[in-house]
Amino acid sequence: MNENLAVNGGAKAITLDQEEALRWPRLTEEDEQAVLELMRKNEISVSQEPMKLEKEFAQFLGAKYALAEVNGTAALYAALFVLGIKQGDEVICPSYTYWASAMPVVTLGAKVVFCEVDPKNLNMDPEDFRKKITPRTKAVIPVHLWGLPCEMDEIIAVAREKKIAVIEDACHAHGAEYKGKKMGTLGDFGFYSFQASKNLPGGEGGMLITANEDYYYQAVTLGHYRRAADLPERYSKYQHTCLGFKHRMSPLHAAITRVQLETLEEKNRIRNANIEKLLKALEELPGFEIYWPPSYIKRVYYENDIVYRGDKTEVPIDRLIEMLKAEGAVVRRDRYSLLHQQPYFVERGSNPEDLPVTREISEHVIALPTFPGDDGRLVEQYIEAFRKVAGTF
Ligand SMILES: Cc1ncc(COP(=O)(O)O)c(C=O)c1O
């Protein structure tokens, strides 16, 4: 028995206070001031603030149209609605994602067809996407999971060949790029979330991205009745009813998002520097399979989820987590439950035994902190903790 290990009663490797280094979102007086200003102007509902955010975020992305929505889920709903997705249609999406990547498809009466992820990078497998296409397939939703862009050239090539719309789920990927383009600008649509845990946190809120004017006007007409009045007659005739939803973003959340956008890149840089230092150390240790994207991908880290193959070492994944926790690390198994195994989908015919690659790899993922406020000292202690634990393999 190795008595140096904290799990066996030894001293902990991680002794620094982690609360400040891991705190997220990182709000300041500037955020408070922006919200207060709106309150003092009585602009807590109708306001130009979301439109200002649209302009700034579109500019940041290099996008043609950006429409501020109440959340990311509503933005995806709008994209699917505009594409006319309906009962009898199929939409392809990975099973390994947050439920909101898939559920708006179901609420429109269409079927979600789940596809595999590539076990190296946990993103949609373009080959399996191709295999899942049927004559009923109308759209595909690649998810840039944890901030890593999908292989968009391959996905878009298949989609164009088969005449399928591409809706990028960029809810984890604020600031990430594929071949010099920001995520959400490559497909027919992209959508973002500004929920508080995201790299660009506004509290709640979302953004729909498109380069197609008609798509944009339709999305406005769906959920922004006041704004429909300013559109051409085809759309403005619906100004008193819209097309069914009130999807506008709260100005207070837009105000926070605007302030946070100013420091997004610097905050992403801190996460990347700390996480990459840790990953470089981990790839030297047994069992860790670290994925480094090709040079044309600029990734960000919404979460820091990595593959650990306990089956290739003497320490199974749950024992590793237990040992690391004893050392003081904040570490857990990945938090996403595979969608194709959820009761909602199983009750509607989904086979939980499908997707063997996704099922297998999801058993080997652990989530580590993103170190958003760390000056580099905490991550050093994490490296020490991992080396200490790995020394016992
Ligand atoms: C992958 C993914 N897609 C969609 C969403 C939906 O965004 P929202 O929570 O703003 O509705 C989220 C939010 O957590 C997400 O993680």
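Rules of the game
Residues numbered from 1 in each chain as written. Predicted model: local features only at pLDDT ≥ 70, side-chain atom pairs only at ≥ 80, totals over all residues. Heavy atoms only, no water. Helix = DSSP H or I, 4+ residues; strand = E, 2+ residues; numbered from the N terminus. Rg over C-alpha atoms; globule rule 2.2 N^0.38 Å. Buried < 20%, exposed > 50% of the residue type's maximum accessible area, 1.4 Å probe, protein only. Contact = heavy atoms within 4.5 Å. Areas by Shrake-Rupley, 256 points an atom, 1.4 Å probe, with all protein chains shown as cover. Lys, Arg positive; Asp, Glu negative; His and termini not counted. Charge placed at Lys NZ, Arg CZ, Asp CG, Glu CD. Salt bridge = Lys/Arg side-chain N within 4 Å of Asp/Glu carboxyl O. Near = heavy atom within 4 Å. Polar contact = N/O pair within 3.5 Å; in protein donor to acceptor, adjacent residues only side chain to side chain.

(A) Here's a closer look at the overall build of the protein chain. Helix and strand counts for the protein chain stand at 16 helices and 14 strands. Over its C-alpha trace the protein chain gives a radius of gyration of 22 Å, about what one expects of a compact globule, namely 21 Å for 393 residues. Projected onto its principal axes, the C-alpha positions of the protein chain cover 75 × 55 × 40 Å. Going through the 393 residues of the protein chain one by one, you find that 57% of them count as buried. A separation of at least 24 residues holds for 70% of the contacts in the protein chain among residues at least 6 apart in sequence. A total of about 17200 Å² of accessible surface is found on the protein chain, and carbon and sulfur atoms cover 49% of it. Distance between charge centroids for the protein chain: 4 Å, based on 49 positive and 58 negative side chains.

(B) Structural view of the pattern of salt bridges. Summed over the entire model, instances satisfying the criterion amount to 32 salt bridges. Two residues, Arg258 and Glu49, come together in a salt bridge whose shortest N-O distance is 2.8 Å. Highlighted residues: Arg258 in helix 11 (residues 251-261) and Glu49 in helix 3 (residues 49-61), separated in sequence by 209 residues. Its salt-bridge partner being Glu266, residue Arg269 comes within 2.9 Å of it at the nearest N-O pair. With Arg269 and Glu266 both in helix 12 (residues 264-282) and three residues apart, the pair spans about one turn of that helix. Judged by its relative accessible area of 48%, Arg269 is partly exposed.

(C) Quick look at the site of the ligand. Lining the immediate environment of the ligand, one finds 16 residues, of which Thr73, Asp169, His172, Ser193 and Lys198 sit closest. At 2.7 Å from an oxygen atom of the ligand is found a side-chain nitrogen or oxygen belonging to Ser193. Within the contact set of the ligand, an oxygen atom lies 3.4 Å away from a side-chain nitrogen or oxygen of Tyr336. In the complex, 94% of the free accessible area of the ligand, which totals 390 Å², lies under the protein chains. Elements with a minimum of two residues in the shell around the ligand: helix 4 (72-82) and strand 8 (189-193).

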